[in-house]
There are 2 protein chains.
Amino acid sequence: MTYCAALKLDKGLVFGSDSRTNAGVDDIATFRKMKIFEKPNDRVLVVLSSGNLSITQAALTMVEKRFHRWEGGETLLTTSSLFDAANLLGETLREVQQREGPYLAQNNIDFSASFLLGGQIQGEEPRLFRIYSQGNFIEATRETPYFQIGETKYGKPILDRVITPDLSLMDAAKSLLVSFDSTMRSNISVGFPIDLLCLEKDVFSTRLRWTLDEDDPSFRTLGREWSDGLKHLAASLTGLPPPSSEDRGGP
Amino acid sequence: MTYCAALKLDKGLVFGSDSRTNAGVDDIATFRKMKIFEKPNDRVLVVLSSGNLSITQAALTMVEKRFHRWEGGETLLTTSSLFDAANLLGETLREVQQREGPYLAQNNIDFSASFLLGGQIQGEEPRLFRIYSQGNFIEATRETPYFQIGETKYGKPILDRVITPDLSLMDAAKSLLVSFDSTMRSNISVGFPIDLLCLEKDVFSTRLRWTLDEDDPSFRTLGREWSDGLKHLAASLTGLPPPSSEDRGGP
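Structure report, in brief. Since the model is a prediction, treat every value here as computed from it, not as a measurement.

## Description of the packing of aromatic side chains
Pairs of aromatic rings are described using the distance from one ring centre to the other and the angle between the two planes.
Residues and elements named next belong to chain A.
Then comes step 1: Under the defined criterion, the tally for this structure stands at 10 aromatic pairs over all chains.
Then comes step 2: Ring plane angle 90° and centroid distance 5.3 Å describe the contact between F192 and F219, whose orientation is recorded as edge-to-face. Of this pair, F192 sits in the loop between α4 (169–186) and β11 (194–200) while F219 sits in helix α5 (residues 217–236), and the two are 27 residues apart along the sequence. Each member of the pair F192 and F219 is classed as buried.
Then comes step 3: Here a set of aromatic residues connected by ring pairs shows up, and it is made of F83, F129 and F137.

The structure is reproduced here in structure tokens:
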């Protein structure tokens, strides 16, 4: 399993990804799921991956190879918009799925895969896309300012309640880490290290970047502060109304 | 879908259940999922249901019929322990599954079903069981003081972080409602009204009981207080360490 999430805010983008891959509880490995494509002062693109690792690796390698060889066609470093970059990644994913899929399907192996692609290209605002396993994609908006892929449910409530586009990147990053903490408490197939990256709007730099291990003191502090804070908050909630013991057609 | 959860605390038990049943987004109905079996000063048993409604209804009706006819065999109102009550409900579920299952399986209809059964019988401590679709069951302990069935993931982090056996029933009930609020924000197949019941240890009464509708002001207040509190809490978290922009074998 995997947990990746990305937030689109007024001041830029925040990305987070775990690093565990498993093919059963007895076949666990560490693979980082955040990949960065940079061209100084022109663009920073970030890809987060979820799903069948052989599929996502192949698609990303193909995208990268095209970049290094600087072929005639477009690459993630030449497209003029993030929409075109999402399209390119989606097309590449389709290519890999079509080549590999039938062999995996013969053995009932799930070959679905998906990506989050976000970043900024000179001349555009920062943008964030979710690319589905079929290669189609959607873009984040102010109403839905974040996307998740992988084991998404445990970490969704905190994002739902806290993330608004006007948050600072650092405050959003802390909430995103809480979302990872919530997920990792419940699903052992989501694991350390966590890669965290903040992209400030119009800065085109990856300097705000962290790799947090299991024993990272700040991550542990954050988890403890959050749990303690929730307990206090729960205790401070307004009480319930008087019991309604009369039966209103109920149980 | 369904969301039901029950908590086992030092001071008693807390139960919550939603009321939505669906067979596709265009086939939604309201069915309460909390059923109470009472015998004054002797016992209060509470059953929460999840899964195929025809299966859970049939099993509960059979358990109830046996009670009303007061047949020779044991019923939920005569068993001398909650363990035996869980066994009886599990056996009844197996009976229904065996009778109905093959017909549903022919059409690939999911006939899985599960129950939470909790309460207190005179002479015993309050106890809480989770009965699986196969009729087997497990009991809650101090280390794992709660069970959930149905759409469990969205509402789990709050329970994980807040519920400890020493909580008061009312504080635990409020946290349970937050867990429902988190779930209903993300899964529209979990819906109002919410049935909420607190069973105080050694009291054998269902007087602490609520049915909360969508427009219940206290539920709305609770959800708003929680969201506002989380925003404040998130903003108050200790900051991250300095960025680690050097590559540690990473993305």
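Let's pick the thread back up.
## A look at the interface of chain B and chain A
Then comes step 1: Each partner contributes to the interface: chain B provides 57 residues, whereas chain A provides 57 residues.
Then comes step 2: Of the roughly 5,400 Å² buried between chain B and chain A, counting both surfaces, carbon and sulfur atoms make up 59%.
Then comes step 3: Seen at the junction of chain B and chain A, the total is four salt bridges.
Then comes step 4: Across the salt bridge formed by E151(A) and K153(B), the nearest N and O atoms sit 2.9 Å from each other.
Then comes step 5: For the pair chain B and chain A, the interface holds 20 residue pairs in polar contact (both at pLDDT 80 or more).
Then comes step 6: For the side of chain B that touches chain A, the secondary structure elements donating two or more residues are β5 (34–39), α3 (156–162), α4 (169–186), β11 (194–200), β12 (208–212) and α5 (217–236) of chain B.

## Some remarks on the relation of the copies chain B and chain A
Then comes step 1: Between chain B and chain A, the superposition needs a rotation of 180° and an axial shift of 0.0 Å, giving an RMSD of 0.0 Å. In the structure described here, the two chain copies are related by an operation that fits a two-fold rotation axis. Every residue of chain B has its C-alpha some distance from the rotation axis, and the shortest such distance is that of Y154(B), at 2.5 Å.
Then comes step 2: Interface overlap between copies is the fraction of interface residues in one copy that are interface residues in the other; for chain B against chain A it reaches 100%, indicating a shared surface.

## Topic: the packing of α4(A) against α5(A)
Residue and element names in this part refer to chain A.
Then comes step 1: Between α4 and α5, whose axes approach to 10 Å, the crossing angle comes to 85°. Viewed along their axes, α4 and α5 adopt a mutual orientation that is roughly perpendicular. Contacts between α4 and α5 pair K174, L177, V178, D181, M184 and R185 from the former with F219, L222, G223, W226 and S227 from the latter.
Then comes step 2: Classifying every residue of the contact of α4 with α5 gives six nonpolar, two polar and three charged.

## Some words on the sheet that holds strand β8 (residues 127–131) of chain B
Residues and elements named next belong to chain B.
Then comes step 1: Read from one edge of the open sheet, five strands run β5-β6-β7-β8-β9, paired in antiparallel fashion. Sheet topology places β5 and β9 (137–139) at the edges, where each strand pairs with a single neighbour. Strand-to-strand, the axes of this sheet are offset by a mean angle of 20°, without reference to chain direction.
Then comes step 2: Relative to β8, strand β7 (residues 113–121) runs antiparallel, the two being bridged by five bridges. Each bridged residue has a counterpart across the sheet, and for F115 the counterpart in β8 is I131.
Then comes step 3: In the packing of helix α2 (residues 82–105) onto the sheet, contacts are made with β6 (43–51), β7, β8 and β9, and the angle to β7 comes to roughly 155°.

Thresholds, definitions, all that
- Residues numbered from 1 in each chain as written.
- Chains lettered and ligands numbered in written order.
- Predicted model: local features only at pLDDT ≥ 70, side-chain atom pairs only at ≥ 80, totals over all residues.
- Heavy atoms only, no water.
- Phe/Tyr/Trp six-rings, centres within 6.5 Å; stacked < 30°, edge-to-face > 60°.
- Helix = DSSP H or I, 4+ residues; strand = E, 2+ residues; numbered from the N terminus.
- Buried < 20%, exposed > 50% of the residue type's maximum accessible area, 1.4 Å probe, protein only.
- Contact = heavy atoms within 4.5 Å.
- Buried area = accessible area lost by both parts, 1.4 Å probe.
- Salt bridge = Lys/Arg side-chain N within 4 Å of Asp/Glu carboxyl O.
- Polar contact = N/O pair within 3.5 Å; in protein donor to acceptor, adjacent residues only side chain to side chain.
- Least-squares fit on C-alpha atoms with pLDDT ≥ 70 in both.
- Axes fitted to C-alpha atoms, helices over the stretch in contact; angles between N-to-C directions.
- Parallel < 35°, antiparallel > 145°, perpendicular 65-115°, else oblique.
- Nonpolar A, V, L, I, M, F, W, Y, C, P; charged D, E, K, R; others polar.
- Pairing = 2+ DSSP bridges.

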